[in-house]
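Residues per chain, in single letters:
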Amino acid sequence: MKTIISVVALTLIGFAGSAMAADAEKGKEVFNTNCTGCHSGGKNVMAAGKSLSKEDLAANKRNSAAAIIDLVTNGATPMPAFGKMGAINAADIENVAAYVLKKADAGW
Ligand code: HEC
């Protein structure tokens, strides 16, 4: 029972966290640490048509925070499932999604 209550409490904290604005500045650090290996300058060294440009994100229906959060959490082979692996926490996944969308808007 105690475990269930803790899980519910943590879930609520999680929701409260996601209600706060994602921080693109923090997302930049997350990106530079985890993503530049394959996505330097918004490109995609492994799958050319899946760059982080505004056009590619739209064409691949990944032009929303929700879609990018899902991708970074669950991966898409060969892109790693950073969230599932515990490599990036939920707040930082939101931050990096905000950063990607901001840079895509600015044309990288
Ligand atoms: C090992 C290389 C690799 C790393 C590291 C990586 N990605 Fe990817 N990424 C890929 C590949 C490959 C795809 C294409 C996946 C597919 O087939 O849909 C992709 C796709 C994407 C897309 C969708 C692009 C599109 O136009 O469809 C986004 C957004 C993205 N990655 C963000 C990130 C972020 C943010 C990180 C860091 C947290 C990251 N990636 C780290 C390889 C990588």
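Residues numbered from 1 in each chain as written. Predicted model: local features only at pLDDT ≥ 70, side-chain atom pairs only at ≥ 80, totals over all residues.

Draft legend 1. Broad picture of the nonpolar core. By size, the foremost hydrophobic cluster in this structure holds 18 residues, and its most contacted members are Val72, Ile93, Val96, Ala97 and Val100. Listing elements by their share of this core, those giving two or more residues are helix 2 (24–34), helix 5 (65–74) and helix 7 (90–106). At eight residues, the largest contribution of residues to this core is made by helix 7. Setting aside residues no more than four positions away along its own chain, valine 72 makes contact with Phe82, Gly83, Ile88, Ile93, Val96 and Ala97. (Core = buried A, V, L, I, M, F, W, Y, C linked by C-beta atoms within 7 Å. Buried ≥ 20, exposed ≤ 12 C-beta atoms within 10 Å, placed from the backbone. Helix = DSSP H or I, 4+ residues; strand = E, 2+ residues; numbered from the N terminus. Contact = placed C-beta atoms within 7 Å.)

Draft legend 2. Region of the structure containing the site of the ligand. In the vicinity of the ligand there are 26 residues, among which Cys35, Cys38, Asp56, Asn60 and Met79 approach most closely. At the level of secondary structure, the elements contributing two or more residues to the shell around the ligand comprise helix 2, helix 3 (36–39), helix 4 (54–59), helix 5 and helix 7. Tallied by class, the residues present in the shell around the ligand amount to 17 nonpolar, six polar and three charged. (Near = placed C-beta within 6 Å. Nonpolar A, V, L, I, M, F, W, Y, C, P; charged D, E, K, R; others polar.)

Draft legend 3. Highlighting the packing of helix 5 against helix 7. At a closest axis distance of 9 Å, the pairing of helix 5 and helix 7 adopts a crossing angle of 125 degrees. Relative to helix 7, the element helix 5 is oriented oblique. In terms of crossing hand, the pair formed by helix 5 and helix 7 is right-handed. Residues Ala65, Ile68, Ile69, Val72 and Thr73 of helix 5 pack against Ile93, Glu94, Val96, Ala97, Ala98, Val100 and Leu101 of helix 7. Split into classes, the residues belonging to the contact of helix 5 with helix 7 amount to ten nonpolar, one polar and one charged. (Axes fitted to C-alpha atoms, helices over the stretch in contact; angles between N-to-C directions. Parallel < 35°, antiparallel > 145°, perpendicular 65-115°, else oblique. Left-handed = near helix turned anticlockwise from the far one by under 90°.)

Draft legend 4. How the structure looks around the environment of alanine 81. Structurally, alanine 81 can be placed in the loop between helix 5 and helix 6 (82–85). The exposure class assigned to alanine 81 is partly exposed, which follows from the 16 C-beta atoms found within 10 Å. In the structure, alanine 81 is positioned ten residues away from leucine 71 in sequence and 7.5 Å away in space, judged by C-alpha atoms. Beyond its immediate sequence surroundings of up to four residues, alanine 81 is in contact with Thr73, Asn74 and Gly75.

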